[in-house]
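Spelled out from the first residue to the last, the chains are:
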Amino acid sequence: MAMNDNELKQEILRLKKEKNAVILGHYYQRHEIQELSDYVGDSLALAQKAQEATADIIVFCGVHFMAETAKILNPQCKVLLPDMEASCSLAESCKAEEFAAFKKEHPDHMVISYVNCSAEIKALSDLICTSGNAEKLVRSLPEEQKIIFAPDRNLGGYINQVTGRKMVLWNGVCTVHDAMQAEAVLMLKAEHPDAPVIAHPECNPALLKVADFIGSTKAMLNYIKASEAKKFIVATETGILYEMKRENPDKEFVTLRDNKSCACDDCAYMKLNTLEKLYRCLRDEQPEILMSAEMIEAAKRPIVRMLDMSKQLGIIK
Ligand code: 13P
Ligand code: SF4
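Quick look at the structure, then. (Residues numbered from 1 in each chain as written. Chains lettered and ligands numbered in written order. Predicted model: local features only at pLDDT ≥ 70, side-chain atom pairs only at ≥ 80, totals over all residues. Heavy atoms only, no water.)

### Some remarks on the nonpolar core
The condition is simple: Note on terminology: a nonpolar core comprises buried Ala, Val, Leu, Ile, Met, Phe, Trp, Tyr and Cys residues joined through side-chain atoms within 4.5 Å. A simple rule labels every residue: compare its accessible area, found with a 1.4 Å probe on the protein chains alone, to the largest value its type can have, and call it buried under 20%, exposed over 50%, or partly exposed in between. Contacts between residues were defined by any pair of non-hydrogen atoms, one from each residue, lying within 4.5 Å.
By size, the foremost hydrophobic cluster in this structure holds 85 residues, and its most contacted members are Ile 58, Phe 60, Ile 112, Leu 207, Met 244 and Met 306. Ignoring sequence-local partners within four residues, the contact set of Met 306 consists of Leu 44, Leu 127, Ile 128, Cys 129, Thr 130, Asn 133 and Leu 137. By size, the runner-up hydrophobic cluster in this structure holds 16 residues, among which are Ala 21, Val 59, Leu 275 and Leu 282.

### Describing the site of ligand 1
Here is the rule we go by: Each residue is tested against the molecule or strand, and it is near if at least one of its non-hydrogen atoms lies within 4 Å. Each polar contact in these results corresponds to two N or O atoms within 3.5 Å; when the atoms are within protein, one needs to be able to donate a hydrogen and the other to accept it, and residues that are neighboring in sequence are counted only if both atoms are side-chain atoms. The protein chains shown are the only cover counted for residues, whose accessible areas, like all others here, come from Shrake-Rupley with a 1.4 Å probe. Cavities and pockets were defined on a 1 Å grid built over protein atoms only: a cavity is a set of grid points that admits a 1.4 Å probe from which the probe cannot escape, a pocket is an open set flanked by protein on both sides within 12 Å along at least five of seven lines, and lining residues are those with an atom within 4 Å of any such point. To qualify as sitting in a cavity or pocket, a molecule needs more than half of its atoms within 2 Å of the grid points. Note on residue classes: Ala, Val, Leu, Ile, Met, Phe, Trp, Tyr, Cys and Pro are nonpolar, Asp, Glu, Lys and Arg are charged, and everything else, Gly too, is polar.
The full set of residues close to ligand 1 is His 26, Tyr 28, Asp 42, Ser 43, Asn 116, Ser 131, His 177, His 200, Glu 202, Ser 216 and Thr 217. A distance of 3.2 Å separates an oxygen atom of ligand 1 from a polar side-chain atom of Asn 116. In this structure, an oxygen atom belonging to ligand 1 sits 2.6 Å away from a side-chain N or O atom of Thr 217. Relative to its unbound accessible surface of 310 Å², ligand 1 loses 95% to contact with the protein. One can see that ligand 1 is located within the largest cavity. Its residues assigned to classes, the shell around ligand 1 shows 1 nonpolar, 8 polar and 2 charged.

### Side note on the environment of Asn 160
So the rule is basically this: What counts as a helix is a DSSP run of H or I of at least four residues, what counts as a strand is a run of E of at least two, and both are numbered from the N terminus.
The topology assignment puts Asn 160 in helix α9 (residues 153-163). Counting along the chain gives 25 residues from Asn 160 to Glu 135, while the straight-line C-alpha distance between them is 8.9 Å. Sequence-distant contacts of Asn 160, defined by excluding residues within four places in its chain, comprise Arg 165, Lys 166, Met 167 and Leu 169.

### Quick notes on the environment of Val 115
Within the secondary structure layout, Val 115 lies in the loop between β5 (110-114) and α7 (119-123). Remark: the alpha-carbon pair of Val 115 and Pro 151, spanning 36 residues in sequence, is separated by 9.0 Å. In this structure, Val 115 is in contact with Ser 43, Phe 65, Thr 69, Lys 122, Ile 128, Cys 129 and Thr 130, ignoring residues within four places of it in sequence.

### Here's the deal with helix α4 (residues 64-73)
For α4, the tally of buried residues reaches 9 of 10 residues, placing the bulk of the element in the interior. The complete set of buried residues in α4 reads Phe 65, Met 66, Ala 67, Glu 68, Thr 69, Ala 70, Lys 71, Ile 72 and Leu 73. Buried residues along α4 sit in contact with β1 (21-26), α3 (43-52), β3 (57-61), β4 (78-80), α7 and α16 (293-312).

### Observations concerning the site of ligand 2
Taken together, Val 63, Cys 88, Ser 89, Leu 90, Asn 116, Cys 174, His 177, Glu 202, Cys 267 and Met 270 make up all the residues around ligand 2. Judged by its atoms lying within 2 Å of the grid points, ligand 2 is housed in the largest cavity. Taken together, the residues that form the shell around ligand 2 break down as 6 nonpolar, 3 polar and 1 charged.

### Remarks on the sheet that holds strand β9 (residues 197-199)
In plain terms, the rule: Strands qualify as paired when DSSP identifies two bridges or more between them. The axes are straight lines fitted to the C-alpha atoms, using for helices just the contacting stretch, and the angles between their N-to-C directions are given from 0 to 180°.
With respect to topology, 4 strands assemble into an open sheet ordered β10-β9-β11-β12, the strand pairing being parallel. Two strands bound the open sheet, and with one partner strand each, they are β10 (213-214) and β12 (252-255). One ladder, built from 3 bridges, connects β9 with strand β11 (residues 231-235); its direction is parallel. The partner of Ile 198 across the bridge, within β11, is Val 234. Packed onto the sheet, helix α13 (residues 217-226) meets β9, β10, β11 and β12 and runs at close to 160 degrees relative to β9.

### A look at the pairing of β12
Put simply, the rule reads: Think of it like this: strands point away, you trace from the first strand over the helix to the second, and a clockwise trace means the crossover is right-handed.
As paired elements, β11 and β12 share 4 bridges and run parallel to each other. Residue pairing across strands places Val 234 opposite Thr 255, the latter belonging to β12. The handedness of the β11 to β12 crossover, carried by helix α14 (residues 241-247), is right-handed.

### So, the environment of Ile 296
Along the chain, Ile 296 turns up in helix α16. Once the C-alpha coordinates of Ile 296 and Lys 71 are considered, the two residues, 225 residues apart in sequence, prove to be 7.9 Å apart. Every residue in contact with Ile 296, bar those within four places of it in the chain, is listed here: Lys 71, Ile 72, Pro 75 and Met 291.

### Observations concerning empty space enclosed by the protein
Selection rule: Grid points are joined across faces, edges and corners, and a volume is the space filled by probe spheres set on the points.
Scanning the entire structure with this criterion turns up 2 cavities of 30 Å³ or more. The calculated volume of the largest cavity comes to roughly 250 Å³. Taken together, 29 residues form the lining of the largest cavity, with Tyr 28, Met 66, Asn 116, Glu 202 and Met 270 sitting closest to its centre. Mapped onto the lining of the largest cavity, the elements with two or more residues apiece are α3, α4, α5 (89-92) and α10 (175-178). Classifying every residue of the lining of the largest cavity by side-chain character gives 13 nonpolar, 13 polar and 3 charged. By volume, the second largest cavity is sized at about 70 Å³. Forming the boundary of the second largest cavity are Ser 43, Leu 46, Ala 47, Phe 60, Phe 65, Met 66, Thr 69, Ala 70 and Val 115.

### Section: the layout of surface pockets
In this model, the largest pocket occupies a volume close to 300 Å³. What lines the largest pocket is a set of 18 residues, among which Ser 131, Gly 132, Asn 133, Ser 216 and Ala 219 lie closest to the centre. At the level of elements, α8 (134-139), α9, β10 and α13 are the ones that each hand at least two residues to the lining of the largest pocket. What lines the second largest pocket is a set of 13 residues, among which Asp 42, Ala 45, Lys 218, Ile 315 and Ile 316 lie closest to the centre.

Structure follows, in structure tokens:
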């Protein structure tokens, strides 16, 4: 007989203890998964938590590139992903063979890749970044340094704009954020004139232009907490509303979904993980992220460089 949600939760907690597992969850996960996670964070914080984890098993409730990053940073740990199909449109937009050819066209360039890419792309990169550290990492590099930025042309374009750099951009997008329309935001802004617009840098340039604050999932949460405003227009994936409301019960959040013409704010990949799959994954200890030692070694170098630089720059502790 199928278990109800409460029974599933009890079983997950029991198995987690029995198997010395830790559950890491991204802010875009379903709220019931965030509730059960030992740690919920943005890509940067989750990578750091994975590196520091001392558990025997990491169950990564997020998408594939995040679980892969956890395995790269902590290879002796068994890393599980509740649904192996939980991919990412940005990672899909950048295939290793094509990227290697692109890199060859720009021989004197350093390669910075957004963490939303495969291990193969990481292995072809000099430095990894997340939306939480991209601007500071780029600013810390010598001005004359030529840079290829992959795979997100929106995040890369935004960093070019704020830093005045001319990084060469790979032409990839997050299909969820790129589809969010500035017009929809402006219509909501007309209805809620006092609400600041907060957006993730994966959104398209027209939308970013009308945003009052642009930042990673964690940065958006910090902005809301510190703001005097009582209402916010949120241009990012809806999973984060759970944490926004939890941290700010007295504040109100308007999403693009509230503009009836637009319902483009769910990441189908993030939502593949469910309580049932999390339970089965802990019970069966699969699907497991498996990688060759060579790939782990090659992809680790630019990620560790990112974490070391982030510490030096005071972005993380
Ligand atoms: P953050 O690093 O801001 O959490 O973003 C991850 C992501 O996939 C955004 O779409
Ligand atoms: Fe990838 Fe976009 Fe989903 Fe984030 S929201 S995991 S960038 S597809």
